[in-house]
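Now for the letters of each chain:
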Amino acid sequence: MAFLLLLVMLTACAATPQDLSSKMFTFPEETETANVRLTTSGQMFNAVTVCLRSITDLSRAHTLFSLATPSSDNGFLIFKGATDDIIEVNVMNTGAGFRGQDYKLNTWHPICSTWDSESGLAQLWLDGKPSIRKFTGGSNITNPIVILGQEQDSYGGKFDHRQSFVGMITDVHMWDHTLSSCEIQRYVDDRNFSPGNVLNWRALEFQTTGRVLIENKQLPCY
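Here is what the cut-offs are and how they apply
Residues numbered from 1 in each chain as written. Predicted model: local features only at pLDDT ≥ 70, side-chain atom pairs only at ≥ 80, totals over all residues. Heavy atoms only, no water. Helix = DSSP H or I, 4+ residues; strand = E, 2+ residues; numbered from the N terminus. Buried < 20%, exposed > 50% of the residue type's maximum accessible area, 1.4 Å probe, protein only. Contact = heavy atoms within 4.5 Å. Areas by Shrake-Rupley, 256 points an atom, 1.4 Å probe, with all protein chains shown as cover. Lys, Arg positive; Asp, Glu negative; His and termini not counted. Charge placed at Lys NZ, Arg CZ, Asp CG, Glu CD. Disulfide = S-S within 2.5 Å.

Trainee: I'd like a description of the overall build of the chain, backed by residues and values.
Mentor: Of the regular secondary structure elements, the chain holds two helices and 19 strands. Across its three principal axes, the chain shows a C-alpha extent of roughly 55 × 45 × 35 Å. In the chain, which comprises 222 residues, the share counted as buried stands at 52%. Taking all contacts inside the chain whose residues are at least 6 apart in sequence as the whole, residues at least 24 apart take part in 69%. With an accessible surface of roughly 10,400 Å², the chain has 51% of that area assigned to carbon and sulfur atoms. Both charge centroids of the chain, one from 17 positive and one from 23 negative side chains, sit 3 Å from each other.

Right, here's the structure in full:
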């Protein structure tokens, strides 16, 4: 029985989409192996919005969302830098650092980022507060591999434990267009928002590797 439980914990695959509305992924330790690979509903995008909620006590640099393509390991990357107030968004290996972010440890944060190839502009929202818009450029995103828990330094791999995520992640959604500020606020408030049409936490196809737990959300008591 213990062996079977370990096997499930080390490699679990949702071959059909699962509703994780009441769940979260827990990454309990620093490793260069533990990750969750998410299956996207499409293979080419000229615009992107990604939203998620996360909590960690890491003060070092760490990944929050890693999308790689065959030509760009940082096809669309949300990355918390080592500097306290900077969160980076990388598009096709070109990064923009967003300063003045009130990223507190041991606190749940809703984080969203948008980008579109027409303008080449990226933007970040932390706790519902928008950053300025910054130019990253970038062409269409094709054949993506999406990983949670690790930062891809090659297409689908080459993980570094010093960039890994330790903590919990939930409510991951991705759209193939840029959401408006009002739509992002509805996500932040968890109030009647349209789920992602590329990644949908309520119908998610995924595969876990290593010590990643699927646990019930820790909701506040009233």
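Trainee: Describe the state of the cysteines, naming the residues involved and giving the relevant values.
Mentor: In the structure shown here, the tally under the stated rule is one disulfide. Each sulfur of the disulfide joining Cys51 and Cys112 lies 2.1 Å from the other. Measuring handedness by torsion sign, the sulfur bridge of Cys51 and Cys112 sits at about 115° and is right-handed. Taken as a pair, Cys51 in strand β5 (residues 47-55) and Cys112 in strand β10 (residues 109-116) lie far apart in primary sequence, 61 residues in all. Residue classification places Cys51 among the buried residues on the basis of a relative accessible area of 0%. On the basis of relative accessible area, Cys112 is assigned to the buried category, the value being 1%. Of all cysteine sulfurs, the one in Cys112 lies closest to Cys182, which takes part in no disulfide; the gap is 13 Å.

Geometry only, nothing functional implied.
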